[in-house]
Amino acid sequence: MITKNLQNNLDYTLFSWGKQGGLDPIEASHAKGSYVYDLHGKRYLDFSSQLMNVNIGHGNQRITRAVSNQMENLSFVYPGMATEPRGKLGKMLQEITPGNLNKTFFTLGGSEAIENAIKLSRVYTKRHKIITHYRSYHGATYGAMSAGGDPRKFPIDNQALNNFVHVENPYFYRCPWNSTTIEECGESAIAHLERVIQFENPEAVAGILFEGESGTSGCIKYPPFYLKKVRELCDKYGILMIIDEVMSGFGRTGKMFGIDHHHVVPDILCMAKGLTSGYLPLGAITVTDTIANAFNDAPLPLGLTYSAHAVSCAAAIENLNILNEGLVDNAAKMGVYIEREVEKLKEKHPSIGDFRNTGLLGCFELVKNRKTKEPMTPWNAKANQMMLTNQIGSKLRELGMFTFVRWSWIFVAPPLNITKEEVDEGLGIISEAIGIADAHYLK
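Quick summary incoming for the structure in this document. By convention here, each chain's residues receive numbers from 1 onward along its written sequence. At least 70 in pLDDT is required for a residue's local features to be given in this predicted model, at least 80 for side-chain atom pairs to be given and counted, and no such filter applies to totals for whole chains, interfaces and linings, which use all residues. With hydrogens and water excluded, all non-hydrogen atoms of the structure serve as input to the side-chain values.

## Thoughts on the overall build of the protein
Per the secondary structure count, the protein includes 13 helices and 16 strands. Here the globule rule reads 2.2 Å times residues to the power 0.38, and the radius of gyration is calculated from C-alpha atoms. In terms of C-alpha radius of gyration, the protein reaches 22 Å, essentially the compact-globule figure of 22 Å for 443 residues. Along the first, second and third principal axes, the C-alpha atoms of the protein reach 65 × 55 × 40 Å. The cut-offs for exposure are 20% and 50% of the maximum accessible area for each residue type, with area from a 1.4 Å probe on protein chains only; residues under the lower value are buried, those over the upper are exposed, and the others partly exposed. Across the 443 residues that make up the protein, the buried fraction comes to 55%. Within the protein, contacts between residues separated by at least 24 positions form 73% of all contacts whose residues are at least 6 apart in sequence. Of the side chains in the protein, 45 bear a positive and 46 a negative charge, and the two mean positions are spaced by 2 Å. Numbering of helices and strands runs from the N terminus; a helix is a DSSP stretch of H or I covering at least four residues, while a strand is a stretch of E covering at least two. Any pair of residues with heavy atoms lying within 4.5 Å of one another is described as a contacting pair. Note that His is not counted, nor are the chain ends; the positive residues are Lys and Arg, and the negative ones are Asp and Glu. By convention, charge coordinates are those of NZ in Lys, CZ in Arg, CG in Asp, or CD in Glu.

Set out below in structure tokens:
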């Protein structure tokens, strides 16, 4: 039976990324820890932190109190005013970001962070081209979507912004250079990147925009030296290195930022999602002293009505306090445990072709045959090719799990407060759902 609440949602609102007919969304009622509950009392284990952003888990009332306390004093002033939470959060970000990333401009989300990073890089360098990966997602506004290579941009391709150049990822499982090791794949990817820089004219390239760790494009693992060599190319050609930590930041990968695994300092770091764990909207770009100082005597051409919103900043401050109470370490610990348990699942399920993971940002890649690596569902599959994916997604929901399922990928990105018992529950549910793919395995 359709409730009045559901009917209002369907009749008067539009839902993201899908056809509007035939929708059957979960009617979320409340959430606590690693679980979301619907209006009918059913419990769902949240195995993708909603959209990989509820890092501290659901229902933490410390955020509620921090927000309430802030609103009792000050909810909003225009972004040209200084506020206590703005300054305090800026200082906290300076302390946890690597190297000389010292000054932050606040946005209201990840797409806005990417937009402003692109704008700033072009103004600062007086160049115009941005290089990104084909297998990447950087947001849904026109600039951010044009920057990414995700096929969700295809319907607006004829209106995409100019001067974005895409390169191949070092995707070892499906290496475009047929490499035999991940290191060899990385070397080929770096050589490819440098050729593209040269073809595009290095003096025209403002920035290289890569993710700190790959997210919804398949959690593609970087070769161990890859980002260091990207940094070297940036330095060689005077290009800014822009790192998108919107999804991989704030403990998600078992370190505060994905870039921390690679010991590299970018010129611009983009953030959102885990900055407030989704409790309120907030994004940011943090830049080096070198970039910031260039605007000491020149206007900074960035501005947003809700930049540095005091209430969102207050939520972020308390969120960072909570993250620093062992959650980042727990993400690393649980990630190792998940990887160990998945090795057992590989023995049970022939359709598991690969599992890629860093901390609590990972995904299964399902195949019809391990030798040929034919995907269970083609990349960017049409509706009539999505039968198995849809069946697996429905099974997960039936068994009480919410997670991101896309083509041949099942994502594993639970909140950072996840326990071993909850991991076991989640992998058990996924194992049962993967049985659907096993039934179509071609020996």
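## Thoughts on the side chain of Thr286
Turning to its location among the elements, Thr286 is positioned in strand β10 (residues 283-288). Setting aside chain neighbours within four positions, we find Thr286 in contact with Thr97, Leu101, Asn102, Lys103, Thr104, Asp267, Ile268, Leu269 and Met271.

## Here's the deal with the sheet that holds strand β5 (residues 129-133)
On the basis of which strands lie adjacent, the open sheet formed by seven strands has the order β4-β10-β9-β8-β7-β5-β6 and mixed pairing. The strands lining the two open edges of the sheet, one partner per strand, are β4 (101-107) and β6 (164-167). Recorded for the sheet is a direction-independent mean angle of 20° between the axes of neighbouring strands. Taken strand by strand, helix α5 (residues 110-125) contacts β4, β5, β6, β7 (205-211), β8 (240-244), β9 (268-271) and β10, and its axis lies near 165° from that of β9. Here an angle of 0 to 180 degrees is reported between the N-to-C directions of two axes, which are lines fitted to C-alpha atoms, with helices fitted over the stretch in contact. Strands β5, β6 and β7 of the sheet are contacted by helix α7 (residues 182-200), whose axis makes an angle of about 155° with β6. Whether two strands pair comes down to DSSP finding at least two bridges between them.

## What about helix α4 (residues 84-96)?
Three or four residues apart is the spacing at which side chains of an α-helix point the same way, because the helix has 3.6 residues per turn. An ideal rise of 1.5 Å per residue puts 18 Å on 13 residues; α4 measures up with 19 Å between its terminal C-alpha atoms. Within α4 the residues assigned to the buried category are Pro85, Leu89, Gly90, Met92 and Leu93. Relative to the axis of α4, the buried residues are bounded by an arc of 160° and lie together on one face. Relative to its buried face, α4 has exposed residues pointing more than 90 degrees away, namely Glu84 and Lys91. The opening residue of α4 is Thr83, an N-cap whose side-chain oxygen sits 3.3 Å from the backbone nitrogen of Arg86. Expected helix span is given by 1.5 Å per residue-to-residue step, counting one fewer step than there are residues. This arc is taken over the directions from the axis of the helix to the C-beta atoms. Any pair of N or O atoms that falls within 3.5 Å is considered a polar contact. Within protein, one atom must be able to donate a hydrogen and the other to accept it, and sequence-neighbouring residues count only if both atoms are side-chain atoms.

## Topic: the environment of Lys348
Relative to the helices and strands, Lys348 is located in helix α11 (residues 327-348). Residue classification places Lys348 among the exposed positions, given a relative accessible area of 57%. For the pair Lys348 and Asp438, spaced 90 residues apart in the sequence, the C-alpha separation amounts to 9.5 Å. Not counting residues up to four positions away in its chain, the partners in contact with Lys348 are Ser431 and Asp438.

## Describing the packing of α7 against helix α8 (residues 226-237)
Following both chains from N to C, one finds α7 and α8 inclined at 20°, their axes separated by 10 Å at the closest point. In terms of axis orientation, α7 runs roughly parallel to α8. Note on packing geometry: the crossing formed by α7 with α8 is right-handed. Residues Gly186, Glu187, Ala189, Ile190, Leu193, Glu194, Ile197 and Gln198 of α7 lie in contact with α8, whose contacting residues are Tyr226, Lys229, Val230, Leu233, Lys236 and Tyr237. Here the residues of the contact of α7 with α8 are counted per class, giving eight nonpolar, two polar and four charged. Roughly parallel covers angles under 35 degrees, roughly antiparallel covers those over 145, roughly perpendicular covers 65 to 115, and oblique covers all other angles. The sense of a crossing depends on the near helix, which, turned anticlockwise from the far helix by less than a right angle, makes the crossing left-handed and, turned clockwise, makes it right-handed. Asp, Glu, Lys and Arg are counted as charged, while Ala, Val, Leu, Ile, Met, Phe, Trp, Tyr, Cys and Pro are counted as nonpolar; the rest, among them Gly, fall into the polar class.

## Describing the packing of helix α3 (residues 61-73) against helix α10 (residues 310-323)
Working note: a packed helix pair is described by the angle between its axes plus the distance between those axes. Running from amino to carboxyl end, α3 crosses α10 at an angle of 145°, the nearest separation of the two axes being 9 Å. For α3 against α10, the interelement crossing comes out right-handed. Here Arg62, Ile63, Ala66, Val67, Gln70 and Met71 of α3 come into contact with α10, specifically with Ala310, Val311, Ala314, Ala315, Glu318, Asn319, Asn321 and Ile322. Per-class residue counts for the contact of α3 with α10 are nine nonpolar, three polar and two charged.

## Section: the layout of surface pockets
If a probe as big as a water molecule is rolled over the atoms, it shows which places are left empty. Looking at the second largest pocket, its volume works out to about 450 Å³. For each structure, a 1 Å grid was placed over the protein atoms alone; sets of points admitting a 1.4 Å probe that cannot get out are labelled cavities, open sets with protein on both sides within 12 Å along at least five of seven lines are labelled pockets, and lining residues have an atom within 4 Å of a point. If you go around the second largest pocket, you meet 23 residues; those closest to its centre are Arg86, Lys103, Thr104, Phe105 and Leu300. Secondary-structure elements contributing two or more residues to the lining of the second largest pocket are α4, β4, β10 and α9 (289-293). Grid points are joined across faces, edges and corners, and a volume is the space filled by probe spheres set on the points.

## Concerning the sheet that holds strand β3 (residues 43-46)
What links the strands of a sheet is backbone hydrogen bonding, and the strands pair in either a parallel or an antiparallel sense. Reading across the sheet, the four strands line up as β1-β2-β3-β14 and stay open at both edges, with mixed pairing between neighbours. Each end of this open sheet is capped by a strand with a single partner; those strands are β1 (28-32) and β14 (401-402). Contacts from helix α13 (residues 420-438) reach β2 (35-38), β3 and β14 within the one sheet, and its direction differs from that of β3 by about 100°.

## Brief notes about the pattern of salt bridges
Only one rule defines a salt bridge in this text: a Lys or Arg side-chain nitrogen within 4 Å of an Asp or Glu carboxyl oxygen. By the definition in use, this model includes 21 salt bridges. A salt bridge links Asp235 to Arg231; its shortest N-O distance comes to 2.9 Å. In this pair, Asp235 and Arg231 both sit in helix α8, four residues apart, roughly one turn of the helix. Overall, the relative accessible area of 52% leaves Asp235 in the exposed class. Given the relative accessible area of 14%, Arg231 is considered buried.

## Describing the packing of aromatic side chains
The way to describe two aromatic rings as a pair is by their centre distance and the angle between their planes. Classification of ring pairs rests on two measures: the distance between centres of Phe, Tyr or Trp rings, Trp counted by its six-membered ring, which must be within 6.5 Å, and the angle between planes, read as stacked under 30 degrees, edge-to-face over 60 and tilted in between. Across all of its chains, the model carries ten aromatic pairs by this definition. Ring geometry for Tyr222 against Tyr226: centres 5.4 Å apart, planes inclined by 15°, an arrangement best described as stacked. Exposure class is identical for Tyr222 and Tyr226. Each is buried. Ring geometry for Trp379 and Trp407: centres 5.7 Å apart, planes at 55°, overall tilted. Residue Trp379 is located in the loop between β13 (374-375) and α12 (387-398), and its partner Trp407 is located in the loop between β15 (405-406) and β16 (409-412); the two are separated by 28 residues in the primary sequence. Judged by relative accessible area, which is 9%, Trp407 ranks as buried. Through a chain of ring-to-ring contacts, three or more aromatic side chains come together here, namely Trp379, Phe404, Trp407, Trp409 and Phe411. A positively charged side chain is recorded as over a ring if its NZ (Lys) or CZ (Arg) lies within 6 Å of the ring centre. The angle to the ring normal must also be within 35 degrees. Between Arg152 and the ring centre of Trp17, over which it is positioned, the NZ or CZ distance is 4.8 Å.

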